[in-house]
Amino acid sequence: MTNYKWRDSPDIVARLVNADKIQSFATQEVLLKPNEACALIVDGRIGDVITETLLKSMAGGFTRWIGDKLGVTANDRRLLFAMTGPMDYWIPFEGQISDGEKVTGFANLRMRLDLEDVPKLLNYFANNDPVLTRDGVIKIIADEVKARVVTPSLASCESAAGLRSASFLEMFDMSAESGMRNLLSNLGFTLLKAFPITNPTDMELVQRHRAAVKAKLSGDEANVEAQLAQYAHTEALTLARIELENKVARANARGKVTVELESELKELRAQEAKWSAELDFERGKMQIRVDESDAKNKRAMDMFAEVQARKAERIANQQEFQKQRMDSQNQLQKEIMELAAEHGALTPEVIQEMLRQQTAQKAIDGKEEDSA
């Protein structure tokens with residue numbers, strides 16, 4: 001029995017499987033991970049919704065569950081898989097603060113799809129592809145985030161130094177909460193947190209994580225899934241560290257910096273450095289394996305070239321030996337014929353016998369060349 005993976009990338013948020021594919025699940029096992037859910041849609045209405053916890057408690061697992069549901073008489077039967085855990089969405093923006101200075105960065109929105117709101121995703125799938133990715137969500141919400149959250153917040157900021165002030169960060173979070181409520185509610189998402197990323201170093205880290213994930217997805221390596229999991233961890237740590245630094249900035253502005261916050265920030269930075277070192281170590285091991293493979297191929301090619309060179313040398317020596325032997329035979333026959341002619345013994349029979357022997361010797365030499 002094979003396993004069906006509905007989510008083969010950390011950027012996939014939801015997937016809708018049509019009825020023509022449901023039959024094949026009878027011979028497959030579906031493994032739901034934590035924060036993943038699967039809902040059965042019958043004639044446009046949501047039926048049972050299962051999670052990892054419910055699936056483990058079912059006798060017969062997923063195949064038994066879907067097998068029972070396939071017996072229902074209906075024209076429309078589909079499976080809706082969704083990621084219900086928190087996910088971060090980065091909306092790039094460009095704008096300017098009140099003094100006219102240009103500002104670029106990311107608006108980070110951390111959102112969650114609650115189990116009871118999974119059916120609302122049908123509003124999206126009604127007119128779109130059956131796979132909803134992180135980029136797909138960003139395309140839906142980006143314009144409203146820029147218009148309702150980013151632009152008003154930047155306009156109220158008087159200087160670049162104020163971008164990390166407590167008042168700016170709180171206003172940004174509140175603007176996102178109020179301005180995005182209707183759109184996110186229609187899609188089924190709940191906003192957990194919103195904060196801007198305007199520090200150049202942090203922006204580069206976020207972009208590096210996204211580029212690394214895309215590069216791994218386009219590769220063909222046996223450990224792609226493990227690598228993606230590592231990038232997901234480093235990405236989460238980076239965002240957690242940025243968010244905590246924002247909290248520290250707010251606390252500093254209020255004069256309430258606590259030992260707990262600073263200690264937690266140090267731990268996050270240490271964990272981030274640890275993950276980075278482990279990623280470098282894994283990349284080093286992969287490079288060593290590639291180098292070893294290249295070295296083996298080079299040795300094989302060198303050995304093949306050496307064998308071919310020896311064979312060519314052997315054939316050349318054999319040909320030279322045969323040439324010398326033929327020259328000696330020809331010279332000997334010439335001298336015999338001259339001697340026979342001097343004594344009057346050069347008859348047609350003698351000449352014919354010499355020619356016969358010469359032809360037989362050439363035939364033998366030809367066979368030796370073929371065998372070489």
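Up top is the structure these notes are about.
All values reported here derive from a predicted model rather than from experimental measurement. (Residues numbered from 1 in each chain as written. Predicted model: local features only at pLDDT ≥ 70, side-chain atom pairs only at ≥ 80, totals over all residues. Heavy atoms only, no water.)

### Quick look at the sheet that holds strand E7 (residues 87-96)
- As summarised here, the arrangement of the 3 strands in space is E7-E8-E10, forming an open sheet in which the pairing is antiparallel. Two strands lie at the open edges of the sheet, namely E7 and strand E10 (189-197), each paired on one side alone. Taken over all neighbouring pairs, the strand axes of this sheet differ in orientation by 25 degrees on average, direction set aside.
- As paired elements, E7 and strand E8 (residues 102-113) share 10 bridges and run antiparallel to each other. Looking at E8, one finds that Asp 88 is bridged to Arg 110.
- Set on the sheet, helix H5 (residues 134-155) makes contact with E7, E8 and E10; between it and E7 the angle comes to about 45 degrees. (Pairing = 2+ DSSP bridges. Helix = DSSP H or I, 4+ residues; strand = E, 2+ residues; numbered from the N terminus. Axes fitted to C-alpha atoms, helices over the stretch in contact; angles between N-to-C directions. Contact = heavy atoms within 4.5 Å.)

### A closer look at the pattern of salt bridges
- The final tally for this structure, using the stated rule, is 8 salt bridges.
- The closest approach of N and O atoms between Asp 114 and Arg 112, which form a salt bridge, is 2.6 Å.
- Overall, Asp 114 belongs to the buried group, its relative accessible area being 15%.
- The partner of Lys 193 in a salt bridge is Asp 173, and the shortest N-O contact between them spans 3.6 Å. Linking Lys 193 in strand E10 with Asp 173 in helix H6 (residues 166-179), this pair joins segments that are 20 residues apart in sequence. Pair check on accessibility: Lys 193 and Asp 173 agree, each one buried. (Salt bridge = Lys/Arg side-chain N within 4 Å of Asp/Glu carboxyl O. Buried < 20%, exposed > 50% of the residue type's maximum accessible area, 1.4 Å probe, protein only.)

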